[in-house]
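Each chain, letter by letter, is given below.
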Amino acid sequence: MLIWENITIALAGLKSNLMRTLLTMLGIIIGIASVIAIMTVGNSIKSMVNSNMMDLGANDMTVGVTQRDSEDDVRDIRDTDLITVDMLEDYKKEYSDKIKGIALNVSAGNGVVRQGADYANVAIEGVNADAYTSLNNDLLAGREFIDVDFDKGKKVCIVSDKFVENLYEGDNKKALGQTVEVECYGKIYDYHIVGVYKYENQMIISGQTKDITTSLYIPLLTAQNQTHYTSGFNYVTVVTTPGIDGEAFAKTTQDYFNIKFYANNDAYEIMAISMASMLDMVDTLIGGVSLGLSIIAAISLVVGGIGVMNIMLVSITERTKEIGTRKALGATNGSIRLQFITESVIICIIGGIIGIILGIGMGMLGMKILGYDAAISSQSILIAVCFSMAIGIFFGYYPANKAAKLNPIDALRYE
């Protein structure tokens, strides 16, 4: 009952000096709003990056050639340094129970397709069956690549709906069966469109949508014939079976290649990185940046807390006679102390609630501008509320304790 009475008295006191109360809350509001907005944007970006990386393959592992000692002079990678198909076949046989597929791809360059005044920018990507499957593209029209496309290196392609939008007015059926000419590094390459996939934006796009470069997929052998690239690969993507410990298998894979195939290579070795470890690194990086910015923003909370302490000292001075009267009527030091701490906490909680609402709004607006959904952290809201209460208690204790120790006779005679 005493606590509820203190809350009622505190609210009445704050209401009687509304403008002063709002100005006192301002530091708390700005600090909490800044922290919540930063954490909302940070969590949203983390969720977006994780989602995009998961779409690329939750069970993927990148196996690539890297220089042994970064301090040594860089030696040009020779064909004997690359990962060959024979190596991959041996590796796949050795760990057949853990490997679902090995994605191979070759970049055949960036180009443009023109039809009159219309155009579409493309990145020509040669892929094998495992590579295309791991993309998880949503096919809107036509068909996927078939075995004969890969085996014979047929000049077929699968294009994006953005490509179709630029050249065929968004009519997927009209695009199917068409032969397109791609200008690439001064040469012209012809491809027959067999499928259309849905383009998923995985980065912040600036400029006109028409100028977006989307992938034009062709069979791996077609790309190799086109680029005359018959050597091995700088890197490959291994798709592991579900339930495998990605980090442990990455270490196993790295040791397998380095011991069996790269033991006598004095310049290069193999490094394997799992998608799980990459996600952990990204989460750590984004979390660290968000935490650092939140700490900087939280400095204003300290300033706000000092403002609360200052206004409480002013309030105690103004209400000295009231304190003296209460103590003369039998109020204990504890009850006086509790009254003013309650008032301080209420100022901070109300300021914190306003700051949370404002911070969520700022975070959602920021993510809307970037074009992504906002991920609001309930944990950050809980921390903000608790922090507001802690500030109220911490910065309200000294004024409250000063009020509690006032001599009732001196307080009653105070002018």
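Note that the coordinates shown come from a computational prediction; the quantities given were computed from them, not determined experimentally.

Undergrad: Could you clarify how one ought to interpret the sheet that holds strand β11 (residues 268–274) in this entry?
TA: Where strands meet in a sheet, backbone hydrogen bonds hold them as pairs that are either parallel or antiparallel. Pairing is antiparallel in the open sheet, where four strands are placed in the order β2-β10-β1-β11. For this open sheet the edge positions go to β2 (99–103) and β11, each flanked by a neighbour on one side alone. The average undirected angle you get between the axes of adjacent strands in this sheet is 25°. Here β2 pairs with strand β10 (residues 235–240) via four bridges, running antiparallel. Within β10, the residue paired with A103 across the bridge is T237. The strands that helix α3 (residues 85–94) touches are β1 (60–67), β2 and β10; relative to β2, the one it contacts most, it runs at about 165°. Against the sheet, helix α9 (residues 246–260) engages β1, β2, β10 and β11, with an angle of about 165° to β11.

Undergrad: Is there a simple way to explain unusual backbone geometry in this structure?
TA: Glycine aside, the phi torsion of most residues is negative, and most peptide linkages are trans. The backbone phi angle of N136 is positive, close to 55°, even though this residue is not glycine. Turning to its location among the elements, N136 is positioned in the loop between α4 (129–135) and β5 (139–142). Looking at N136, the relative accessible area reads 55%, which means it is exposed. For Y185, which is not glycine, the phi torsion reads 55° and is therefore positive. In this fold, Y185 is placed in the loop between β7 (179–184) and β8 (187–197).

Undergrad: Can you walk me through the environment of F145 in this structure?
TA: Tracing the sequence through the fold places F145 in the loop between β5 and α5 (147–152). When sequence neighbours within four positions are dropped, the list of residues in contact with F145 reads V127, Y132, F150, V156, C157, I158, Y217, I218 and P219.

Analysis parameters
Residues numbered from 1 in each chain as written. Predicted model: local features only at pLDDT ≥ 70, side-chain atom pairs only at ≥ 80, totals over all residues. Heavy atoms only, no water. Pairing = 2+ DSSP bridges. Helix = DSSP H or I, 4+ residues; strand = E, 2+ residues; numbered from the N terminus. Axes fitted to C-alpha atoms, helices over the stretch in contact; angles between N-to-C directions. Contact = heavy atoms within 4.5 Å. Buried < 20%, exposed > 50% of the residue type's maximum accessible area, 1.4 Å probe, protein only.

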